[in-house]
Amino acid sequence: MKLPKDWSEITIAQFIEITNILNDNKDNNIQAMIFIMACLSGKSNQEIEAIEIDRFTGYTKDLAFLNQDKFKDQIINSFEIDGIKYIPKYKFNKLTAGQFIDIHSLAADINNIHKLLAVVCMPKGAEHEDVAEIFYNNLTMDKAYPIFLFFCVVLEIYLKATKDYLERLIKKEKKELSKMARKAKTPSTIVGRGLSYLMN
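Only a predicted model underlies this, so the values are computations on that prediction, with no experimental measurement involved.

> When you look at unusual backbone geometry in this model, what are you seeing that I'm missing?
Of note, Asp 82 is a non-glycine position whose phi angle comes to about 50 degrees, a positive value. With respect to the helices and strands, the residue Asp 82 is situated in the loop between strand 1 (79-81) and strand 2 (84-86).

Structure representation (structure tokens):
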């Protein structure tokens, strides 16, 4: 039975299926491995279940790389699929407001990895849904995951910085309002100023 040897042989579609299998079979590791082997080999669950235990254990060892994270320090500058070059837009200040909103909404769910990558890697003139489908079926995880991870991490940092900035801005505005309130000695003073402004 042929199984992938590393993440470069696993597509986004397969990765999402593996993730869902693990989530649905948290209390049954053997059942999860049967489904994963079927997913990666193209064989049926029944065919995998018929494998002798010694061979099954050997196949399990072959897939040990699934538990290893080797993507943390990688930066993918570009990649090609069917002769088309895709370049991730790593600079947040070059993204549009619409792209930023899409990244924010998609980053929360690993099942949307292909959709998020389509936002940040979409060639000019291409359609988002078309690019997302291409990535889903063809882009392998050795390239997809480092890009996805980068945007998730940077998004979290960016949102925290934005939150901190807004909190400082609110505090500043509160101080300004307090100063204005102290200058206005009585309610009638405020009304008087308003009438004076309207009349001039």
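> What am I meant to see in the pattern of salt bridges here?
Proximity of charged atoms lets side chains of opposite charge pair with each other. Counted by the stated rule, this structure contains one salt bridge. Across the pair Lys 143 and Asp 142 runs a salt bridge, and its minimum N-O distance is 3.6 Å. Note on Lys 143: relative accessible area 28%, which makes it partly exposed.

> Explain the packing of helix 1 (residues 12-24) against helix 2 (residues 29-41) to me, please; I cannot follow it from the model alone.
Closest axis-to-axis distance for the helix 1/helix 2 pair is 9 Å, and the angle between their directions is 165 degrees. Considering their axes alone, helix 1 and helix 2 lie roughly antiparallel with respect to each other. The element helix 1 and its partner helix 2 pack so that their crossing is right-handed. Between helix 1 and helix 2, the contacting residues are Gln 14, Glu 17, Ile 18, Ile 21 and Leu 22 on the first element and Ala 32, Phe 35, Ile 36, Cys 39 and Leu 40 on the second. Split into classes, the residues belonging to the contact of helix 1 with helix 2 amount to eight nonpolar, one polar and one charged.

Scoring rules and cut-offs
Residues numbered from 1 in each chain as written. Predicted model: local features only at pLDDT ≥ 70, side-chain atom pairs only at ≥ 80, totals over all residues. Heavy atoms only, no water. Helix = DSSP H or I, 4+ residues; strand = E, 2+ residues; numbered from the N terminus. Salt bridge = Lys/Arg side-chain N within 4 Å of Asp/Glu carboxyl O. Buried < 20%, exposed > 50% of the residue type's maximum accessible area, 1.4 Å probe, protein only. Axes fitted to C-alpha atoms, helices over the stretch in contact; angles between N-to-C directions. Parallel < 35°, antiparallel > 145°, perpendicular 65-115°, else oblique. Left-handed = near helix turned anticlockwise from the far one by under 90°. Contact = heavy atoms within 4.5 Å. Nonpolar A, V, L, I, M, F, W, Y, C, P; charged D, E, K, R; others polar.

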